[in-house]
Each structure stands twice: as C-alpha cells, then as structure tokens.
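Coordinate inspection notes
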Amino acid sequence: MKSTYNNPIGIFDSGVGGTSIWKEIHQLLPNENTIYLADSKYAPYGLKSKDEIINLSIKNTEYLLNKNCKLIVVACNTATTNAISHLREKYNVPFIGIEPAIKPASLNTTTNNIGILATRGTLNSLLFATTSNQLSDKINIIEQVGEGLVELIEKGQLYSPNMTILLNKHIAVFLKFNIDYLVLGCTHYPYLIPQIQKIIGSEIRIIDSGYAVAKQTKRVLEKNNLLNLNGADGYNKFYSNADKKILDDLLYQHKKASVDFLDF
Ligand code: DGL
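A brief report on the enclosed structure follows.

Parameters at a glance
Residues numbered from 1 in each chain as written. Predicted model: local features only at pLDDT ≥ 70, side-chain atom pairs only at ≥ 80, totals over all residues. Heavy atoms only, no water. Helix = DSSP H or I, 4+ residues; strand = E, 2+ residues; numbered from the N terminus. Contact = heavy atoms within 4.5 Å. Areas by Shrake-Rupley, 256 points an atom, 1.4 Å probe, with all protein chains shown as cover. Lys, Arg positive; Asp, Glu negative; His and termini not counted. Charge placed at Lys NZ, Arg CZ, Asp CG, Glu CD. Pairing = 2+ DSSP bridges. Axes fitted to C-alpha atoms, helices over the stretch in contact; angles between N-to-C directions. Expected span 1.5 Å × (residues − 1). Buried < 20%, exposed > 50% of the residue type's maximum accessible area, 1.4 Å probe, protein only. Near = heavy atom within 4 Å. Polar contact = N/O pair within 3.5 Å; in protein donor to acceptor, adjacent residues only side chain to side chain. Nonpolar A, V, L, I, M, F, W, Y, C, P; charged D, E, K, R; others polar. Arc of directions from axis to C-beta.

Before going further, it helps to examine the overall build of the protein. On a plain count of helices and strands, the protein comes out with 11 helices and 10 strands. Across its three principal axes, the protein shows a C-alpha extent of roughly 55 × 40 × 35 Å. Sequence-distant contacts in the protein: of pairs separated by 6 or more residues, those separated by 24 or more amount to 75%. Summed over all atoms, the accessible surface of the protein reaches about 12,200 Å², with 50% contributed by carbon and sulfur. Positive and negative charge centroids in the protein, built from 27 and 24 side chains respectively, lie 3 Å apart.

Have a look at this one:
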C-alpha cells in the first residue's frame, strides 16, 4: 500500500529511552500521528550480538509497517549503528537513525578532548568506528561504556542510589581528561542530564542528537511529500512489551499520551 501523509510515523527503541527522541519529534511536528514501540522485554540491546540486534530491529520494523507507518525512526543508537543499513536494504520506506553527535562536538571543542558515553554495542560498531577514526587525528575521543544505566532506567530507577553510584563511576573517567564536550550516545541518557551535569559541573557541555533527529525527520518527510498537512494535533500511541508503567511515568507531562501493553 502506498504511504500517504496521514499515515503515522513509526518510532522504536530497545526500551523507554527513545521517548527522548519522540518528545523532540512531537514538539517540532505536533500534527504528525506517531506510534512508539518500546521493546523493553529485550533491553538492553547494547549487550547483544549484531545479529540479535538486526533481528530485533526487523521485528520492530515489521510491526510498525503493518500499522502502515510512512517512515520509521530508529530511536536507538545501538540499533542504528548495528542494523540500519540492513533495514534500508530490506524495506522500501525512509528510515531515520540516530548516531552519537561526535562530529558536532569535534567542530566545537577548544580543548580537543571530547567524551562519549554510549552502550558497548554502539562503541563497538563499525559505523561508530568509521566516524570516530575520521576525527581521531584531530581530536582525542574518550569513550566510556555506560554499563548498567539502561537497565536501571528500564527498572524505573532513574533517581536512585544505584544510579548515583554508577554515574559517579562512569563520569570519573572523563574528569581525568580536559574535556569540554560530553556526547550522550544513547537515547536513554538525556533523562540523566540533570544528574550528569551535577557531577561534571557547568563548564562541560552535554550534547545529544534528539533535536537533529527531529529536524532530519521533517526534512525527509518534506522531500518525500509525506509531511502531514492536517492542521489538527496528531494522535500518539505508545506500546511496551514489559511493565507499561515505566513508560507511562516518562510521559507524565504529556497528558494525552497513554501506553498499552503489547506482546511483541
Ligand atoms: N536507547 C538505546 C540506545 O540508544 C539503548 C540501548 C540498549 O538497550 O542497550 O542505544
């Protein structure tokens, strides 16, 4: 079936973190209809093999395509860096991915040291290695795996003693270097910004790719004549295959957002 501009945008992540991307898209394009899938039952993706990540990404994409989504946003750095080329080859809809914003950080750094916090799956991916190798003769990129952070967020423990311990441990690595930018390379991490900023202080700028993804989504919709021209607010549906309360809690500011359990 041919997509029309009224069809929804499909968004998926390994879990609840991709809602940080949904929020940017919703703010920029409020009259778009959206369907969000949190594959929390299988989170974290960051510890899985490339093949497992590809298969889970295919499962999520097929669900969204069965709902007639006109464009798919892979709101997960780990799924983008490991699977998006397969998805683009296999399906005939536009895909928008998210990658750690090390390029913009490298253009703006004055200390020539930038930090990146991401999952093991993202930091070990070929796509990430290619981008960072292109930059590494000019700047020093300090990589740190955010071990355990996604798991705590998926358990609803965003503000918890365990989170404080883990963040202090991970951030300490960056504080040994004179970094001026810290790139968040996982869509779960924007929810940690207030806590991270407290540890690193106000001198170091934290950047994530959420707004850039929303702008790119708009550009690609326009280019394909798929931008929703309907003036009314769009509908937004959220599905989780684990405890839907965790997702509900992250969406508390969005009164009309409701989450359903889905066995997928
Ligand atoms: N939000 C995912 C990302 O951006 C988390 C990955 C995971 O499940 O480990 O990478």
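And the narrative resumes.
Our next topic: the sheet that holds strand β5 (residues 113–118). The strand order β6-β5-β7-β8 describes an open sheet built from four strands, whose pairing is parallel. This sheet does not close on itself; its edge strands, each paired only once, are β6 (140–145) and β8 (205–207). Direction aside, neighbouring strands of the sheet carry axes that sit 25 degrees apart on average. The sheet contact formed by strand β7 (residues 181–185) and β8 spans three bridges and is parallel.

With that out of the way, let us pick up helix α8 (residues 161–175). Taking 1.5 Å of rise per residue, the 15 residues of α8 would be expected to cover 21 Å, and the 21 Å separating its terminal C-alpha atoms lies within 8% of that figure. Among all positions in α8, only Met-163, Leu-166, Leu-167, His-170, Ile-171 and Phe-174 are buried. Elements that come into contact with the buried residues of α8 comprise β5, β6, α7 (149–154), β7 and α9 (193–200).

Time to look at the site of the ligand. Ser-14, Tyr-45, Gly-46, Thr-78 and Thr-187 are the nearest of the 13 residues found near the ligand. Taking Tyr-45, its main chain carries an N or O atom lying 2.7 Å from an oxygen atom of the ligand. The backbone of Gly-46 places a nitrogen or oxygen atom 2.7 Å from an oxygen atom of the ligand. Contact with the protein chains hides 99% of the accessible area of the ligand, taken as 290 Å² for the molecule alone. Among the residues forming the shell around the ligand, the class breakdown is five nonpolar, seven polar and one charged.

Residues separated by three or four positions in an α-helix point in the same direction, a consequence of the helix having 3.6 residues per turn. For α9, every residue scored as buried is listed here: Gln-195, Ile-196 and Ile-200. Looking straight down α9, one finds its buried side chains confined to an arc of 125 degrees; they lie on one side. Just beyond α9, the residue with positive phi is Gly-201, at close to 85 degrees.

This next bit is on the sheet that holds strand β1 (residues 9–13). Spatially, six strands are ordered β4-β3-β1-β2-β9-β10 in an open sheet, and the strand pairing comes out parallel. Strand pairing shows two members of the sheet lacking a second neighbour, β4 (95–96) and β10 (258–261), which therefore form its edges. For strand β3 (residues 71–74) and β4, the ladder comprises two bridges, and the chain directions are parallel. By the bridge assignment for β4, Val-73 is matched with Ile-96. Packing against the sheet, helix α1 (residues 19–28) makes contact with β1, β2 (34–38), β3 and β9 (236–240), and its axis sits at approximately 175 degrees to β9. Across the face of the sheet, helix α2 (residues 50–66) comes into contact with β1, β2, β3, β4 and β9 while running at roughly 155 degrees to β1.

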